[in-house]
Amino acid sequence: MKKIIIAIDGHSSTGKSTFAKAIAAALGYTYLDSGALYRAVTLYALDHGWTDPEGRPNAPAIIDHLKDIRLSFGKDPATGLNRTFMNGKDVEELIRSMEVSRYVSPVSEIPLVRDFVDMQLREWGKKKGIVMDGRDIGTAVFPQAELKIFMTAQAEIRAERRLRELQSKGMDATFEEVLANVRQRDFTDSHRETHPLVKAPDALLLDNGNMTVEEQLDWFKKIMEEKWDIRLK
Ligand code: DC
């Protein structure tokens with residue numbers, strides 16, 4: 001079976017990574033989380049104090065040091081899932097903190113940061129057989145992707161999901177805080193100048209507000225069957 005690139009874009013906390021991991025597993029593909037790379041660059045900036053209390057990153061300092069940041073994914077032997085590494089250190093948990101979430105959108109707005117991340121993603125994409133999720137995968141990183149899916153859901157539903165995820169990891173946050181963060185990120189992601197979050201005209205829309213993961217998988221399997229004649233278990 002010919003291997004393809006599947007691009008999954010959409011709003012924050014729509015369950016893109018859960019969906020992307022599930023379809024990657026069903027196809028035997030590699031899952032790559034592009035947001036993790038923006039989060040890792042943000043963590044690097046925070047670790048070095050290149051941010052101010054208003055949430056603005058120090059773009060010149062970050063740009064100057066992009067050459068010092070090496071990003072990679074490593075497989076967790078227990079779960080088989082990818083973990084994010086920065087300069088050889090496992091930062092998978094650190095990059096998911098509220099602090100990183102607060103700064104990541106403005107960091108991802110910096111055009112040279114986007115070039116840095118895109119270069120890395122395109123390199124990994126050469127192998128095909130990948131499912132990559134993000135905000136601009138189908139529009140900017142892999143506009144030639146064979147299958148594009150755009151995910152969305154109501155902001156309150158997404159905030160509820162994100163809150164549960166944070167709480168399950170023992171992190172402290174309120175619903176209002178998380179909802180404000182989700183709305184803020186929607187706005188910044190959709191209004192930035194470079195590669196804003198927008199549905200590619202040829203992307204399939206998946207509004208999963210009232211769908212379980214199983215229902216989303218069934219939706220995907222139907223598409224694979226109808227469009228590509230690929231039958232998945
Ligand atoms: O998917 P996520 O929430 O982990 O992404 C973190 C941030 O990174 C998100 O606020 C926007 C940015 N991002 C982006 O601009 N482009 C991508 N392809 C992926 C993420």
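Scroll up to find the structure.
Since the structure is predicted, the reported quantities are computational estimates derived from the model, not experimental observations.

Right, let's get into the overall build of the chain. Along the chain, the regular secondary structure elements total nine helices and eight strands. Taken over C-alpha atoms, the radius of gyration comes to 17 Å for the chain, in line with the 17 Å a tight globule of 233 residues would show. When the backbone C-alpha atoms are referred to their principal axes, the chain occupies close to 50 × 40 × 40 Å. Here the chain, with 233 residues, has 52% of them falling under the buried criterion. Long-range pairs, those at least 24 residues apart, make up 71% of the contacts in the chain between residues at least 6 apart in sequence. For the chain, the accessible surface area stands at approximately 11500 Å², while carbon and sulfur atoms represent 53% of it.

Relative to the assigned elements, His11 resides in the loop between strand S1 (5-10) and helix H1 (16-27). Exposure remark for His11: the relative accessible area of 17% places this residue in the buried category.

Spatially, five strands are ordered S2-S6-S1-S7-S8 in an open sheet, and the strand pairing comes out parallel. Only two strands of the sheet have a single partner each, and these edge strands are strand S2 (30-33) and strand S8 (204-207). Direction aside, neighbouring strands of the sheet carry axes that sit 20 degrees apart on average. Pairing geometry for S1 and strand S7 (residues 147-152), over five bridges, is parallel. Note on S7: the bridge partner recorded for Ile8 is Ile149. On top of the sheet, H1 reaches S1, S2, strand S6 (130-134), S7 and S8; it is set at about 165 degrees to S1, its chief contact. In the packing of helix H2 (residues 34-47) onto the sheet, contacts are made with S2 and S6, and the angle to S2 comes to roughly 40 degrees.

What surrounds the ligand is a group of 15 residues, the closest being Arg39, Arg114, Asp136, Arg185 and Arg192. Here an oxygen atom of the ligand and a side-chain polar atom of Arg114 are 2.8 Å apart. Note that an oxygen atom of the ligand is positioned 2.9 Å from one of the side-chain N or O atoms of Arg135. Protein burial of the ligand: of its 440 Å² of free accessible surface, 94% is covered by the chains. Contributing elements (two or more residues each) for the shell around the ligand: H2, helix H4 (98-108) and helix H8 (175-191). Counting residues per element, the shell around the ligand draws most heavily on H2, at four residues. Counted by class, the shell around the ligand contains three nonpolar, five polar and seven charged residues.

Turning our eyes to something else, we now look at the environment of Lys67. Residue position: Lys67 is located in the loop between helix H3 (59-64) and strand S3 (71-75). With 26 residues separating them along the chain, Lys67 and Val41 place their C-alpha atoms 11 Å apart.

Turning next to the pairing of S3. The pairing of S3 with strand S4 (residues 82-86) spans five bridges and is antiparallel. Residue pairing across strands places Leu71 opposite Met86, the latter belonging to S4. Two successive antiparallel strands, S3 and S4, enclose a turn made up of six residues, where Gly80 displays a positive phi of approximately 80 degrees.

A complete count under the given rule lists 20 salt bridges for this structure. Residues Arg96 and Asp33 are paired through a salt bridge, measuring 3.0 Å at the closest nitrogen-oxygen approach. You can see Arg96 sitting in the loop between strand S5 (89-90) and H4 and its partner Asp33 sitting in strand S2, a full 63 residues away along the chain. A relative accessible area of 12% means that Asp33 is categorised as buried. A single salt-bridge network, built from bridges that share partners, covers Lys2, Lys128 and Glu146.

Definitions and limits used
Residues numbered from 1 in each chain as written. Predicted model: local features only at pLDDT ≥ 70, side-chain atom pairs only at ≥ 80, totals over all residues. Heavy atoms only, no water. Helix = DSSP H or I, 4+ residues; strand = E, 2+ residues; numbered from the N terminus. Rg over C-alpha atoms; globule rule 2.2 N^0.38 Å. Buried < 20%, exposed > 50% of the residue type's maximum accessible area, 1.4 Å probe, protein only. Contact = heavy atoms within 4.5 Å. Areas by Shrake-Rupley, 256 points an atom, 1.4 Å probe, with all protein chains shown as cover. Pairing = 2+ DSSP bridges. Axes fitted to C-alpha atoms, helices over the stretch in contact; angles between N-to-C directions. Near = heavy atom within 4 Å. Polar contact = N/O pair within 3.5 Å; in protein donor to acceptor, adjacent residues only side chain to side chain. Nonpolar A, V, L, I, M, F, W, Y, C, P; charged D, E, K, R; others polar. Salt bridge = Lys/Arg side-chain N within 4 Å of Asp/Glu carboxyl O.

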